[in-house]
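# Breakdown of the fold
Now for the letters of each chain:
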Amino acid sequence: MTIEIVHSLIMVAVIAFAFIFPKTPLVQYDLQIIAFLFIILFAGKKFSRGSRLLESIIFTLVILIIINTTGGSTSPFFFLIYFLLFSLALILEPVISIVTTIASVIFFIIFLPQQQSINTLLPIFALVFLTPFALYMGKEHIKNEILKNKNQDLKKDTFLFHSLIIKNHINNIKKSIENFMGDHELSDIKRSTGEIEKLLDKFDEIENKN
């Protein structure tokens with residue numbers, strides 16, 4: 001089972017709980033529960049250097065609980081779900097935004113009160129049109145992260161390569177000094193010093209380009 005499927009199943013379960021929550025006696029403690037979730041988030045960041053899945057679960061729970069306890073699709077905070085879709089596409093895999101949208105639309109329709117006007121359904125179906133943008137942003141974010149990691153690896157490799165060559169030239173200089181007999185060793189020292197200067201200049205050029 002791939003990580004995308006695991007994350008998708010977890011997020012569907014989280015969304016389902018967020019819609020069932022207002023129907024349970026726990027709803028009277030919604031503010032305390034939201035505060036507790038943020039405590040868990042901060043503790044997770046401090047002691048385990050944070051978890052993208054944990055962040056996604058808590059953000060999803062908090063936003064959907066707020067929306068579902070203040071009117072559902074007619075909630076004045078319904079716009080928060082738009083930010084949630086884009087956030088999930090950046091925090092987790094881009095496909096999670098599609099899963100979240102489909103699950104949210106289904107649960108909104110299931111828990112929609114009877115005799116609602118068409119205007120109530122419009123914000124729900126508007127989520128579908130935002131999903132491609134969230135998906136696109138998620139993919140672009142991944143591309144940028146991959147490119148950034150490649151540049152960092154290239155810098156490390158270049159630095160290591162230059163360090164080894166410079167170290168070799170320094171060793172040659174030491175040997176020439178220890179066995180100094182005249183002009184021949186002096187020429188070797190000058191040549192090695194020149195090579196070191198060239199390597200440092202090349203390294204500076206690469207750093208400036210990146």
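Please refer to the structure higher up on the page.
Owing to the predicted nature of the structure, the values given are computational and were not obtained by experimental measurement.

Criteria and thresholds
- Every chain's residues receive numbers from 1 upward, in the order its sequence appears when written.
- Totals for whole chains, interfaces and linings use all residues, but because this is a predicted model, local features are given only for residues with pLDDT of at least 70 and pairs of side-chain atoms are given and counted only at 80 or more.
- By convention in this description, side-chain values take in all heavy atoms of the structure and omit both hydrogens and water.
- The numbering of helices and of strands both runs from the N terminus, where a helix is a DSSP run of H or I of at least 4 residues and a strand a run of E of at least 2.
- Pairs of residues are marked as contacts when any of their non-hydrogen atoms sit within 4.5 Å.
- The method behind every accessible area is Shrake-Rupley, applied with a 1.4 Å probe, and residues are considered shielded solely by the protein chains displayed.
- When a residue's accessible area, from a 1.4 Å probe over protein chains only, is under 20% of the maximum for its type it is buried; when over 50% it is exposed; and in between it is partly exposed.
- Patches draw on residues past 30% relative accessible area with no salt bridge. Two like charges within 9 Å are joined, as are two nonpolar side chains (Val, Leu, Ile, Met, Phe, Trp, Tyr) within 5 Å.
- In the sections that follow, a salt bridge refers to a side-chain nitrogen of Lys or Arg positioned within 4 Å of a carboxyl oxygen of Asp or Glu.
- The axes are straight lines fitted to the C-alpha atoms, using for helices just the contacting stretch, and the angles between their N-to-C directions are given from 0 to 180°.
- Orientation is classified from the angle alone, with under 35 degrees giving roughly parallel, over 145 giving roughly antiparallel, 65 to 115 giving roughly perpendicular, and any other angle giving oblique.
- Crossings are classed by handedness, with left-handed meaning an anticlockwise turn of the near helix from the far one by less than a right angle and right-handed meaning a clockwise turn.
- All residues other than Ala, Val, Leu, Ile, Met, Phe, Trp, Tyr, Cys, Pro, Asp, Glu, Lys and Arg, Gly among them, are scored as polar; the first ten of these are nonpolar and the last four charged.
- Put plainly, a pocket is an open set of points on a 1 Å grid over the protein atoms alone with protein on both sides within 12 Å along at least five of seven lines, a cavity is a set where a 1.4 Å probe fits but cannot get out, and a lining residue has an atom within 4 Å of a point.
- Grid points are joined across faces, edges and corners, and a volume is the space filled by probe spheres set on the points.
- In this description, a nonpolar core means a group of buried Ala, Val, Leu, Ile, Met, Phe, Trp, Tyr and Cys residues linked to one another through side-chain atoms lying within 4.5 Å.
- Any pair of Phe, Tyr and Trp rings, taking the six-membered ring for Trp, is counted once the centres come within 6.5 Å. Such a pair is stacked with planes under 30 degrees apart, edge-to-face with planes over 60 apart, and tilted for the rest.

## Details of the overall build of the chain
Along the chain, the regular secondary structure elements total seven helices and zero strands. Ordered by position from N to C terminus, the α and β elements of the chain give α-α-α-α-α-α-α. Counted over contacts in the chain with a minimum sequence separation of 6, partners at least 24 positions apart contribute 69%. Working note: accessible area of the chain is about 13600 Å², and carbon and sulfur atoms make up 66% of it.

## So, the environment of L92
By the element assignment, L92 lies in the loop between α4 (80–91) and α5 (95–110). For L92, a relative accessible area of 8% translates into the label buried. Sequence separation between L92 and G138 is 46 residues; the distance between their C-alpha atoms is 8.4 Å. What L92 contacts, discounting residues up to four positions off in sequence, is H7, M11, R52, L53 and S56.

## Structural notes on a nonpolar patch on the surface
Among the surface-exposed residues, V95, I98, I102, I106 and I110 lie close enough to one another that they form a single nonpolar patch of about 410 Å² accessible area. When you line up the elements, I110 lands in helix α5.

## Describing the packing of helix α1 (residues 3–20) against helix α3 (residues 52–68)
Running from N to C, α1 and α3 point in directions that differ by 25°, and their axes come no closer than 9 Å. Taken as axis vectors, α1 and α3 run roughly parallel relative to one another. Relative to α3, α1 is oriented so that their crossing is right-handed. Contact with α1, carried on its side by H7, I10, M11, V14, I15, F17, A18 and F19, involves L53, S56, I57, T60, L61, L64, I65 and N68 of α3 and no other residues of that element. For the contact of α1 with α3, the residue count by class is twelve nonpolar, four polar and no charged.

## Points about the layout of surface pockets
The volume enclosed by the largest pocket comes to roughly 260 Å³. Contributing to the lining of the largest pocket are 15 residues, with N68, G71, G72, F111 and P113 lying nearest its centre. For the lining of the largest pocket, a count of residues per class yields seven nonpolar, seven polar and one charged.

## Observations regarding the nonpolar core
The biggest cluster of nonpolar side chains holds 31 residues, and the ones touching the most others in it are I81, F108 and L127. Broken down by element, the residue count for this core peaks at seven residues, all from α3.

## Let's talk about the packing of aromatic side chains
For the coordinates displayed, the defined rule picks out nine aromatic pairs. Look at F19 and F107: their rings are 5.6 Å apart centre to centre, the planes differ by 25°, and that puts the pair in the stacked class. One end of the pair, F19, is in helix α1; the other, F107, is in helix α5, and 88 residues separate them in sequence. Here F19 and F107 have matching classes, each one buried. An angle of 80° between the planes, with centres 6.2 Å apart, marks the rings of F79 and F83 as edge-to-face. Given the relative accessible area of 53%, F83 is considered exposed. Following the ring pairs from residue to residue traces out a cluster consisting of F19, F78, Y82, F107, F108 and F111.

These figures capture arrangement, not role.
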